[in-house]
Amino acid sequence: MTLRLRYYLMLLSLFAGFALANAALFFFITRTELAWSISTQSRGNAICVSSFIGQELHPSSPSFKPAMSAALERMSARARGLNIQWFEETAKGWEAMPLFEHPGLAKPDKPDSAQEDKLRNGETVSRFVRLPESDADLSFGYAAVLDKKGDLRAIIAVSNKDTVMRTEIEAVLRQCLWYCLIVSLLGLLVAEILTQIARRGVSRLEEGASALLTGDYTYDWQPNRITELNDLSNTLKTISQILQEGVHQTWRRFFQAELLPRQEEIAMDCQAFCDSASSKAAFGPHVAVRRINGGSLDDFWGVHADEKHWRLVAGRVEPPAQDSDMLGQIVRANSARDYLLGCSGTDAATASVWEKMNRVFPCIQGELALGSSDSDQILLSSRIAGATIRNDETRREARSIMGTLDDESQRFAHDYVLQFPEQPIETVADKLATILASNAKGILVVYELKPDQR
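Every chain begins its residue count from 1, and numbering advances along the sequence as written. Under the rules for a predicted model, residues below a pLDDT of 70 receive no local features and side-chain atom pairs below 80 are neither given nor counted, while totals for whole chains, interfaces and linings still include all residues. Side-chain measures were taken over the full set of non-hydrogen atoms in the model, leaving aside hydrogen atoms and water.

## Focus: the state of the cysteines
Each disulfide consists of a covalent bond between the sulfur atoms of two cysteine residues.
Piece 1. Throughout, a disulfide means two cysteine sulfur atoms within 2.5 Å of one another. Enumeration according to the criterion identifies 0 disulfides in this entry.
Piece 2. Note on Cys 176: no disulfide assigned, nearest cysteine sulfur contributed by Cys 180 at a separation of 6.4 Å.
Piece 3. You can call Cys 176 buried: its relative accessible area is 9%. Any residue under 20% of the maximum accessible area for its type is buried, any over 50% is exposed, and the rest in between are partly exposed; the area is computed with a 1.4 Å probe on protein chains only.

## Side note on the environment of Ala 77
Piece 1. Locating Ala 77 in the fold gives a position in helix α2 (residues 64-78).
Piece 2. Since its relative accessible area comes to 58%, Ala 77 is described here as exposed.
Piece 3. Sequence separation of Ala 77 and His 102 is 25 residues, and the distance between their C-alpha atoms is 9.6 Å. Secondary structure is summarised from DSSP: a helix means a run of H or I of at least four residues, a strand means a run of E of at least two, and numbering begins at the N terminus for each.

## As for the confidence of the model for the protein chain
Piece 1. Think of pLDDT as the predictor's per-residue confidence, scored from 0 to 100. Per-residue pLDDT for the protein chain has a mean of 82; in total, 91% of the residues score no lower than 70.
Piece 2. Element-level pLDDT for the protein chain is lowest in strand β11 (residues 388-392), with a mean of 72, against a maximum mean of 91 in helix α10 (residues 425-436).

## Re a nonpolar patch on the surface
Piece 1. Distance thresholds for patches are 9 Å for like charges and 5 Å for nonpolar side chains (Val, Leu, Ile, Met, Phe, Trp, Tyr), applied to residues having over 30% relative accessible area and no salt bridge. Note on areas: these come from Shrake-Rupley sampling with a 1.4 Å probe, and a residue is covered only by the protein chains present in the view. Here, a salt bridge means any side-chain nitrogen of Lys or Arg that lies within 4 Å of a carboxyl oxygen of Asp or Glu. Residues Trp 178, Leu 181, Ile 182 and Leu 185 make up a contiguous nonpolar surface patch of roughly 450 Å² in combined accessible area.
Piece 2. For Leu 185, the position within the fold is in helix α4 (residues 164-213).

## Considering the pattern of salt bridges
Piece 1. Applying the stated criterion to the full structure yields 10 salt bridges.
Piece 2. The closest approach of N and O atoms between Asp 137 and Arg 166, which form a salt bridge, is 3.2 Å. Pair noted here: Asp 137 is in strand β4 (residues 137-146) and Arg 166 is in helix α4, with a separation of 29 residues, a long-range link.
Piece 3. Exposure remark for Asp 137: the relative accessible area of 2% places this residue in the buried category.

## Quick word on the pairing of strand β9 (residues 363-372)
Piece 1. With respect to burial, β9 is a largely interior element, 9 of its 10 residues being buried.
Piece 2. Bridge analysis of strand β8 (residues 309-317) against β9 gives 9 bridges, and the strand direction is antiparallel. Within β9, the position partnered with His 309 by the bridge is Ser 372.
Piece 3. Strand pairing follows a simple DSSP-based rule, namely that at least 2 bridges must link the two strands. Where β9 and strand β10 (residues 378-385) come together, 7 bridges link them in antiparallel fashion.

## Examining the side chain of Asn 334
Piece 1. Mapped onto the elements of the fold, Asn 334 is located in helix α7 (residues 326-341).
Piece 2. Overall, Asn 334 belongs to the buried group, its relative accessible area being 10%.

## Examining the packing of aromatic side chains
Piece 1. The pairing test for Phe, Tyr and Trp rings, Trp by its six-membered ring, is centres within 6.5 Å, and the orientation test on the planes gives stacked under 30 degrees, edge-to-face over 60, and tilted for anything in between. Following the criterion strictly, the structure yields 2 aromatic pairs and no others.
Piece 2. Both rings, one in Tyr 416 and one in Phe 420, keep their centres 4.8 Å apart while their planes meet at 50°; by these two values the pair is tilted.
Piece 3. Since its relative accessible area comes to 24%, Phe 420 is described here as partly exposed.
Piece 4. The rings of Phe 412, Tyr 416 and Phe 420 are connected pair by pair, giving a single aromatic cluster.

## Some points on α7
Piece 1. The span one expects for a helix is its residue count, reduced by one, times 1.5 Å. Helix length check: α7, at 16 residues, gives a terminal C-alpha distance of 23 Å against a target of 22 Å (1.5 Å per residue), a fit within 8%.
Piece 2. Taken together, the buried positions of α7 are Met 326, Gln 329, Ile 330, Arg 332, Ala 333, Asn 334, Ala 336, Arg 337, Leu 340 and Leu 341.

## Notes on the packing of helix α9 (residues 407-419) against α10
Helix-helix packing is described using two parameters, namely the angle between the two axes and the distance between the axes.
Piece 1. Whenever a helix is involved, its axis is fitted only over the stretch in contact; in every case the axis is a line through C-alpha atoms, and angles between N-to-C directions fall within 0 to 180 degrees. Orientation of α9 relative to α10, taken along the N-to-C sense of each, is 145°, at an axis distance of 11 Å. The element α9 and its partner α10 pack so that their crossing is right-handed. Each of Ser 409, Phe 412, Ala 413, Tyr 416 and Val 417 in α9 lies in contact with α10, whose residues at this interface are Val 428, Lys 431, Leu 432, Ile 435 and Leu 436.
Piece 2. Residue type decides the class: Asp, Glu, Lys and Arg count as charged, Ala, Val, Leu, Ile, Met, Phe, Trp, Tyr, Cys and Pro as nonpolar, and the leftover types, Gly among them, as polar. Tallied by class, residues from the contact of α9 with α10 come to 8 nonpolar, 1 polar and 1 charged. Left-handed is the label given to a crossing in which the near helix is rotated counterclockwise from the far helix by less than a right angle, and right-handed is the label when the rotation is clockwise. Residue contacts are defined here by distance: any two heavy atoms, one from each residue, within 4.5 Å place the two residues in contact.

See below:
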């Protein structure tokens with residue numbers, strides 16, 4: 001059973017029961033009031049006639065008709081038709097004598113024993129007779145006519161048609177029907193509102209539970225209007241806080257035990273990996289790379305060979321305009337390296353390459369050398385320093401350097417390499433790194449052409 005159906009069945013039955021109870025009470029009260037009103041009116045008519053007749057006047061006397069005929073006729077006209085009977089007790093029982101008869105109106109019956117006892121005690125009685133097959137009901141009223149001694153000498157019985165009861169009861173039934181319908185619709189509206197409120201609460205719980213399932217312990221648990229759902233929300237919130245605290249404690253233990261590497265260590269490992277990947281080439285020069293004093297995260301170098309040519313690059317890109325993490329700087333520098341190494345043919349060392357790259361990765365300084373597999377010299381080389389870009393002539397040096405050191409350190413390193421041509425370049429690079437460590441910082445690339453390319 002769905003949540004909406006539960007609310008509809010519960011609230012609709014509640015509102016419908018409330019409406020039916022109120023409608024039944026209203027119907028009972030209205031019908032009682034109508035019956036009392038009709039009874040009072042009938043007894044009042046009987047009392048009026050008995051008061052007019054008085055203690056001495058008798059219907060059989062000659063003075064009765066002139067004295068009472070006009071008054072009874074006016075009274076019948078005001079009541080829209082009356083039938084008045086005089087009941088007098090004789091040796092044979094109660095004998096009726098008509099005082100006034102309205103055409104088409106039934107005569108009142110003689111009172112029964114219970115009514116007679118009440119009349120002898122000076123009370124008035126009435127009786128209401130329903131006639132469903134007729135267009136109107138009948139109302140009877142009885143009043144006692146007393147003599148001078150206060151004894152009962154006759155009974156006045158009055159009958160008249162009544163349509164008020166039927167009309168009012170029909171109106172009351174229509175009102176009760178509309179009332180029950182409106183209250184039922186109100187119950188449906190309230191059920192729908194409560195359903196929407198409950199569904200929103202359940203949706204928030206589902207959303208929070210999904211976040212908890214995926215490991216998001218920062219979900220904002222909002223209070224719920226429904227107590228049961230609010231209790232469940234608080235329980236899930238407590239579970240989320242416990243799990244979040246457990247995660248924080250685990251992280252603190254990792255950091256305290258130094259089991260997780262620091263950002264600097266991750267950056268150095270990434271840089272070492274990029275340097276090792278940069279030295280892989282099928283043919284080309286021997287290379288020895290040293291980062292003096294750690295170098296800069298914006299430094300790059302690399303060597304690459306395609307089918308006929310090899311390329312060797314080293315340089316430094318401008319630092320990013322916005323703050324960036326260490327890994328971001330390393331990735332940016334190596335992206336510039338890959339762009340330069342990806343240029344093909346003899347155009348790889350022209351000044352246009354640096355101009356194009358500066359649009360994406362502006363360079364502070366850099367150098368690119370191009371050679372071929374069947375040549376013992378560098379075919380083309382180009383340099384960039386700030387905004388100055390130049391192409392160098394073809395060089396026949398079998399051993400040289402490039403890098404991002406300052407000009408003085410670069411010249412010293414170049415001269416030192418040429419002074420010791422018999423030493424391996426790895427040894428030369430180590431010695432230069434030791435000498436330059438006191439006053440230089442950057443990347444140093446010592447290279448020589450392979451023996452088969454000299």
